[in-house]
Amino acid sequence: CTIDWFQAWPGDALEAVAKKFLKEMDLDDTHRTSMVQICKQIHASVQESSAKFKEEQNRYNYVTPTSYLELISTFKTLLAERRTETQKFKDRYVVGLEKLDGSAEQVAGMQDELTALMPQLQKTVGEVEVMMAKIAKEKTEVVEPKKAIVQKEEAVAAEQAAQAKAIKDECEEALAEAMPALQDAISALDTLKPADINYVKKLGNPPFVIKLVLEAVCVLLGERPARVKDDSGKMVEDYWKTSVVLLNNDKVFIERLRSYDKDNINPKLIGRIREKYITDESFTPEKAANASDAAKGLCKWVCAMDKYDVVAKVVAPKKAELAVAEAGYEEVMKGLRLKQSELKTLLDKLAAMEDELRVSSDKKNKLEAEVDLCSKKLERAEKLIGGLGGEKTRWTGVAADLGVVYTNLTGDVLVSSAVISYNGAFTMKYRDELVEQWVALCAEANIPRSKKYALATALGDPVKIREWLIAGLPNDSFSIDNGIVVANARRWPLMIDPQGQANKWVKNMERANNLNVIKLSESGEHLRTLENAIQFGLPVLLENVGEELDPSLEPLLLKQTFKSGGVQCIRLGDSTIEYSEEFRFYITTKLRNPHYLPETAVKVTLLNFMITLEGLSDQLLGVVVAKERPDLEQQKNELVIQSAENKRKLKEIEDKILEVLSSSEGNILEDETAISIITEAKVLGNDIAEKQQLADKTEKEIDEARKSYTSCGDYTSVLFFCIQDLCNIEPMYQYSLPWFVNLFVSSIANATMSDDVPVRLQHIQDHFTYSLYCNVCRSLFEKDKLLFSFLLCTRILGSQGLVDGAEWMHLLTGGIGGTVLPKPEEASWLTENLWGELCRLSALPAFQGLTGSFLKDAGAWRPLYNSLEPHKEALPGTFNKLDTFKKLCVVRSIRPDKLVPAVQDFVTEKLGIKFVQPPLFNLGACYADSSPTTPLIFVLSPGSDPTAALLQFAEEQEMSARISSISLGQGQGPKAQKYIEDAVKMGSWVVLQNCHLAPSWMPSLEKLCEEFDPDKTHSDFRLWCTAYPSPKFPVSILQNGVKMTNEPPKGLRANIKRSYTLEPIANPEFFDGCRDERSFKSLLYGLAFFHAVVQERRKFGPLGWNIPYGFDDGDLRISVRQLRMFIDENEIIPYDALNYVTGECNYGGRVTDDKDRLLLSTILANIYNPNTLTEEYKFTASGLYYAAHLNTMEEFEEFNSKLPINPLPEAFGLHENADITKDQNDTILMCKSLLSMSGSAGGGGSGGSAEDSVAAVVKDVIKRLPPAFDIEVVQRKYPVLYEQSMNTVIAQEMTRFNRLSAVVRKSMAELAKAIEGLVVMSSDMENAFDKMSVNQVPDLWRKASYPTMKSLVGYLDDLYARLGMLQTWYEEGPPPVFWISGFYFTQSFLTAATQNYARKNKIPIDEVGFDFEVIGMNADEFPSSPEDGVYIKGMFLEGCTFDPEKMMLCESEPKVLFTPGPLFWLKPRLVADIEDFPCYNCPVYRTPDRRGVLATTGHSTNFVMFMKTPSDQPQSHWIMRGVAMMCGLAD
């Protein structure tokens, strides 16, 4: 069985697990049963809050069974620990109180005891004195004389003993010379083996040496020789036979030698030995050894006897002398022993008397000690009671409180365990809501708990918390709770820390413990650091992790330790290392909103360490006070540290006193050390307490003085959260808290001074707000600068309670849900979409009666709709009293295209005109704000190229010779690194271009930047980077670097002006040096105009270009050079060549869409033609733009300066309505961007929560969505027929819509259950909820859907209509006029139409095409289908309209962006037979987005086909207008 730890468990499983674990705990049965349900409810409540968290904040928090197990395990562990700790503290107070009470009771008894002891002491002292006198007399008169005599005789005896010893030593010394040889001989005898002796015996004619040795032995043994004849017949002595006889009994022979009386050798024998044998050269052990081992040993023995005899004759006289000396000594000792015996008797008598004295003295000493102890105990009791008497009342209260705390631990620890296990990823609001729910659950179940729960009270240590604050932990309850979770969680903390607060805290807190700081990007080095830290018990901080952790860390995260050789070990990578329990591991990430999947989240304790408004306010308050009143802030900081130290010491002193009291065994008054420790500690404690009282008083006074600056801290913190959210728009918009604080400090220094604190603070706030605006604006794209001003404005007003949340969400989304009333006829000028928004706006409290006003008098609102500046118009009736922000909501719902200028006026009114006039780009100022360790980043946009400006600036800074540039890409990283390393030393500049193209090298770049050492980096060094917005660009570089944007200027006039400042145009030699100067300069101006037009058309969205291309200065430069070259080299200007190289190669090389390529060629053909050189020719209908025939650069500049700043759409060949399209796109973009920064909280509608609104939509979808089509039934009715391909089309379309409907139906059923809390929301359901809450189509639907740009409401209506069309087709047969917009796959329908014709006429289908005929505007006029081809309807024209009388295209009406297109008859014909007529080859798209990609079917995902539409204007006119037909609109 495999347990899935990530999928939700049913309620029964949760209960069963809780019962099993809680059963083992010491709990009341009733409480245990209740707590099982509470655990389950806690789990469910977190699931609900997580869904809400995702909905409102777009943040993920996964609630898994692992979290549930963590809750119960943490509860079990913490409850046991806290109970033990609390009981221990309570017992110490109780024991301390008992000791105090016992001491007080002993005082009277000790006084009586002291009175009784004094007479006994006096009597015993007298007895001791008499005994001491008697003993002294006995010693002097008897013992001492006798002792002197004995000592004298002992001296004599000692002298004689010394003489005897000297003689004995001489004897032993002499014998020592002979003894080694003797011992060697004896040893040699031991080595004699029977075989050796037998060998000798058997010798018939032994060698001379053997005979000589044995002869010597026989002589010493006194053996007689035999008499034998020699060779001459003479009788001689022969010892050989004697020797053999001796050897025959070898054991006896050897023993005789061993026991030979060496001390009494016959002198004759030894003399003979010396005379005959010792002097013989052959008589040596060495020569004897040559003959026999036995001979060698016997020879050694004979030699030893000779040597020993010599010594013995010397020693013998000395031995005699020794005997005489010892006899004299013994005689002296006999007399001495007698006298010693007499002395011993006397000493024994004296000892008995001294024993008696000792007993008396001991008695006396004991009495004295008892008296002394009693006196001291009385004194100690006085000190103890006097010193700690004041603590008795407090200790009694504390002990009682601890008893209550012990009882309440059950509920408090349960809630605390839930906080640790579940709440880490939540922000403060969600944490507080959950804790409130959990405390209420405990209250309902009567679980013992504190009246007012706080995690800091339940698990916090005040002294420890104060240390954390000093180490840099933000001083707010949210951050303090985080610190407590870090200290108590079983899993290692992973802290979400975009502002670096947790990082700073951990580094300060663990600095004294040799903290190791590592990163995962260190190519394996981090594992070596970890291994050392784990073994030696050092803390480790792993910083800047991403959304995935290194798999090698898993054993460490899961704490997979094991015993090996009796030692705790862990496996890390390929190594098994010893695991120290002192090891601590911290992980931080700089990601603002990381998405940690369940498999990662369950291994760590996720902690949201993002700074809170409260915490940041406190920090910024400290900053402003430190600058404005440094005396106060310094004193405050000193007092904080002093107070923390005082309180720590007081706690230590009290703990020491209680520890001594509780650990002291027996009577505390008898423990002098304990009393001394307690007394000294109490004196010190009283001194510290007095100082702390003074410090507390001073701190309160300082806090009162600081309060006057609080508003500045609160205001400034709101601004930080504005810039923090900008990265939701573009990933490059990253700003660090230190940067923000430094900017704030600069504003404090530069703001206008005033002695009036409120006035001074207002000056600081005003200065800082604008300073922040300027500094942030230089890093924002133009599209986001007004948005940032608006965000600043609304956030400031919101902090003052002047912006309502529901109104804000309506402004951004238009609201969702709600009842839409029928639109009155008088308001026909309003679109259905705008009327729906008005109805939803009317449901908000401040706009009650809005729709009623329209129903009553819609005409009163018409001037607002028609006005060029609707935001400045007065609103009808009482609605004109609405404040400016509420009027924005009205403008959004009636004239959304004018919301941006309305916002501009709103910001101007609230903040001032300067907040809508961004500062000009100033590269010098950006450079001045940088440092050698601060990178400078150009954030690129299409058409921008800062290289030229940077090179020019380098020249101004005299760095043009010391600048290196490299364009990043595959394999360029190491080269760039070498450039940087060299530049750091040499002091040059490095430009890294297109960093977004090297995402894999970005971590290396981040590491390089982090390693910049100010002391080792040349002061001239700078690192410049250019990059398009990329989520892969390192956040730390963005936060710490200087970011800049330098977009092409807005407007034709500014763009043309800028072109004339670029090389080579700005070069006089190039400008004035052409062969045909007049033609060149005219065409050059036309080219500059063309360059401006193709760039500026981007702002009109799809109407300008299907795809927004990044035409840049490089395209212009090469085209200008080619223009000069073609004119110089040709007598007649080759316009076709110029059009080709410029339109198809230079600019056209970027164009990927064939319709855009046609547009580009059309625009360029309007410039590059012979007419351009005539006086009459104008580029536009207004006549404002033409190729001026001027000579000097100054004349061109003057001519250009007369052009309009804000050109009308006609300058681009567009209709005036194009401005409305552009403005609407601007509004959509701004609202979408603001929405991404505001979370996904709903709003509008009925004013209820997003959950209610989404639930209503879900319910409506489930109700209205028709059942799936029965494809089998359809195919029976419309079988596959050769002659009718439309039968296949309906079956295929129904199949496609069935798939889509199934996705919609299933997701809505799941979402309905999730909203009711019956199931856990999956990621797809979370996405669906988020999208629906802001009136958008869920991504899950889009994957299965046809292309659409509609909002959720519009999409659903469109889907129902398409399903209805297919149902009608099935029931009534193919319609006479097909709704082309209703098809899922339009190309299949068109193919079927041509296929029917081809099969009918037996023509190859690839030779058939459509001829187009406009047949009218009303489909009801065509009750039957044509014989060949199809009638179609349902298309919309953009960029023009259709004249039903003339039956041709005509110009659009004012403010009408889209109009219904005519009905077409698509007539299949042979392509060769299709005739041309005056028409516009109009492209047809499925959505207004126009952009598409080539699908696997070979068709575009958006483009459908070209349709020839009657026109009396040339093709170029409508191409420039951007005219196209759409199958469906956005809304």
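Up top you'll find the structure we're talking about.
Residues numbered from 1 in each chain as written. Predicted model: local features only at pLDDT ≥ 70, side-chain atom pairs only at ≥ 80, totals over all residues. Heavy atoms only, no water.

Enquirer: When you look at helix α36 (residues 1002–1010) in this model, what are you seeing that I'm missing?
Expert: Residue pairs spaced three or four apart in an α-helix point in one direction, given the helix's 3.6 residues per turn. Burial in α36 covers these residues: M1002, L1005, E1006, L1008 and C1009. When α36 is viewed along its axis, its buried side chains cluster within an angular range of 160 degrees and face the same direction. In this structure, the buried residues of α36 make contact with α35 (973–986), β13 (989–993), β14 (1022–1027) and α37 (1035–1040). (Buried < 20%, exposed > 50% of the residue type's maximum accessible area, 1.4 Å probe, protein only. Helix = DSSP H or I, 4+ residues; strand = E, 2+ residues; numbered from the N terminus. Arc of directions from axis to C-beta. Contact = heavy atoms within 4.5 Å.)

Enquirer: Would you mind showing me how to read the packing of aromatic side chains here?
Expert: In this structure the tally under the stated criterion is 73 aromatic pairs. For the pair Y260 and W301, a centre-to-centre distance of 5.3 Å together with 75 degrees between the ring planes defines the contact as edge-to-face. Placement of Y260 in the loop between α7 (250–258) and α8 (267–278) and of W301 in helix α10 (residues 293–388) is noted, with a sequence separation of 41 residues between them. Residues Y260 and W301 agree in their burial class; the two are buried. For the ring pair F583 and F585, a centre distance of 6.0 Å and an interplane angle of 25 degrees mean the geometry is stacked. A network of ring pairs unites the aromatic residues W829, W835, F854, W861, Y865 and F879 as a single cluster. (Phe/Tyr/Trp six-rings, centres within 6.5 Å; stacked < 30°, edge-to-face > 60°.)

Enquirer: Please explain the pattern of salt bridges as it appears in this structure.
Expert: Side chains bearing opposite charge may pair, as long as their charged atoms lie close to each other. Scanning all chains against the criterion turns up 57 salt bridges. Here E70 ties to R491 by a salt bridge, and the two come within 3.9 Å at their closest N and O atoms. With E70 in helix α3 (residues 65–190) and R491 in the loop between α15 (477–488) and β3 (493–496), this pair connects stretches of sequence that are 421 residues apart. Of the two residues, E70 and R491, neither departs from the other in class, the shared state being buried. Between R1124 and D1128 there is a salt bridge, and its shortest N-O distance comes to 2.6 Å. With R1124 and D1128 both in helix α41 (residues 1113–1129), this residue pair falls 4 residues apart, about one helical turn. We classify D1128 as partly exposed; its relative accessible area is 31%. (Salt bridge = Lys/Arg side-chain N within 4 Å of Asp/Glu carboxyl O.)

Enquirer: What is the right way to look at unusual backbone geometry in this model?
Expert: The phi angle of most residues is negative, glycine excepted, and most peptide bonds adopt the trans form. Here E1063 and P1064 are connected by a cis peptide whose omega angle stands at 5 degrees. For P1064, the position within the fold is in the loop between α38 (1052–1059) and α39 (1068–1072). At K1455, a residue that is not glycine, the phi angle is positive and equals roughly 65 degrees. Along the chain, K1455 turns up in the loop between β21 (1448–1450) and β22 (1458–1460). For K1455, a relative accessible area of 28% translates into the label partly exposed.

Enquirer: I would appreciate a short explanation of the pairing of β3 in the present structure.
Expert: Each regular strand shows side chains that alternate between the opposite faces of the sheet. A two-sided burial pattern is seen for β3, the buried positions comprising P493 and M495 on one face and L494 and I496 on the other. Looking at chain direction, β3 and strand β10 (residues 605–608) are connected through 4 bridges and run parallel. In the strand pairing of β10, L494 is matched with L606. Of the pairings in the sheet, the one linking β3 to strand β9 (residues 584–589) comprises 3 bridges and is parallel in character. Within β9, the position partnered with L494 by the bridge is I587. (Pairing = 2+ DSSP bridges.)

Enquirer: What am I meant to see in the sheet that holds strand β8 (residues 575–578) here?
Expert: Within a sheet, neighbouring strands are paired by backbone hydrogen bonds and run either parallel or antiparallel to one another. One open sheet accounts for 3 strands, arranged β6-β7-β8; its pairing is antiparallel. In the strand order of this sheet, the two ends are held by β6 (561–564) and β8, each with one partner. Averaged over all neighbouring strand pairs, the angle between strand axes comes to 45 degrees, with direction disregarded. Relative to β8, strand β7 (residues 567–572) runs antiparallel, the two being bridged by 4 bridges. (Axes fitted to C-alpha atoms, helices over the stretch in contact; angles between N-to-C directions.)

Enquirer: Where do I start with the state of the cysteines in this structure?
Expert: Such a bond, covalent and formed between the sulfur atoms of two cysteines, is termed a disulfide. Applying the stated criterion to the full structure yields 0 disulfides. A disulfide-free cysteine, C1440 has its sulfur positioned 6.6 Å from the sulfur of C1482, the nearest such atom. Taking relative accessible area as the criterion, C1482 reaches 0% and is therefore assigned buried. (Disulfide = S-S within 2.5 Å.)

Enquirer: What exactly am I supposed to notice about the environment of V991 here?
Expert: Inspection of the secondary structure puts V991 in strand β13. For the pair V991 and L968, spaced 23 residues apart in sequence, the C-alpha separation works out to 9.9 Å. For V991, the contacting residues outside a window of four places in its chain are L950, I963, S964, S965, I966 and W1024.

Enquirer: Please clarify how the nonpolar core should be interpreted in this entry.
Expert: Side chains of nonpolar character tend, in soluble globular proteins, to be buried together. With 130 residues, the main nonpolar core has Y1060, L1311, I1432, L1466 and M1507 as its most contacted residues. With near-sequence residues (within four places) excluded, L1466 lies in contact with L1390, F1410, D1411, F1412, G1429, V1430, I1432, M1505 and M1507. Within the second largest apolar cluster, 114 residues are counted, among which are L620, F879, L968 and A1027. (Core = buried A, V, L, I, M, F, W, Y, C linked by side-chain atoms within 4.5 Å.)

Enquirer: Looking at this structure, I do not really get the side chain of T813. What am I missing?
Expert: On the secondary structure map, T813 appears in helix α27 (residues 805–813). Overall, T813 belongs to the buried group, its relative accessible area being 11%. Here the side chain of T813 touches M809 through a polar contact of 2.8 Å, landing on its backbone oxygen. Excluding anything up to four places from it in sequence, T813 contacts R892, L1235 and V1334. (Polar contact = N/O pair within 3.5 Å; in protein donor to acceptor, adjacent residues only side chain to side chain.)

Enquirer: What exactly am I supposed to notice about a negative patch on the surface here?
Expert: Together, E1194, E1195, E1197 and E1198 make up a region of like negative charge exposed at the surface. Relative accessible area serves as the criterion here: at 54%, E1194 is assigned to the exposed category. (Patch = residues over 30% accessible without salt bridge, like charges linked within 9 Å, V, L, I, M, F, W, Y side chains within 5 Å. Areas by Shrake-Rupley, 256 points an atom, 1.4 Å probe, with all protein chains shown as cover. Lys, Arg positive; Asp, Glu negative; His and termini not counted. Charge placed at Lys NZ, Arg CZ, Asp CG, Glu CD.)

Enquirer: What is the right way to read the packing of helix α5 (residues 208–221) against α8 from this model?
Expert: The packing of two helices is summarised by the inter-axis angle and the distance between the axes. Relative orientation of the contacting elements α5 and α8 amounts to 165 degrees, with a least axis distance of 9 Å. Overall, the two elements α5 and α8 adopt an arrangement that is roughly antiparallel. Crossing geometry of α5 relative to α8 is assigned as right-handed. Along the contact surface, α5 presents L212, E215, A216, V219 and L220, while α8 presents L269, I270, R272, I273, K276 and Y277. Here the contact of α5 with α8 is composed, by residue class, of 8 nonpolar, no polar and 3 charged. (Parallel < 35°, antiparallel > 145°, perpendicular 65-115°, else oblique. Left-handed = near helix turned anticlockwise from the far one by under 90°. Nonpolar A, V, L, I, M, F, W, Y, C, P; charged D, E, K, R; others polar.)

Enquirer: How should the packing of helix α28 (residues 832–842) against helix α29 (residues 850–857) be read in this particular structure?
Expert: Orientation of α28 relative to α29, taken along the N-to-C sense of each, is 130 degrees, at an axis distance of 7 Å. Judged by the inter-axis angle, α28 sits oblique to α29. Residue-level contacts link W835, L838, C839, L841 and S842 of α28 to L850, T851, F854 and L855 of α29. Classifying every residue of the contact of α28 with α29 by side-chain character gives 7 nonpolar, 2 polar and no charged.

Enquirer: Explain the side chain of Q1122 to me, please; I cannot follow it from the model alone.
Expert: Within the secondary structure, Q1122 is located in helix α41. Take Q1122: its relative accessible area is 17%, and that puts it in the buried class. Polar side-chain contacts of Q1122 include one of 2.6 Å to the side chain of N1146. Setting aside anything within four residues of it in sequence, one finds Q1122 in contact with L1138, V1141 and N1146.

No statement about biological role is implied by the geometric values presented.
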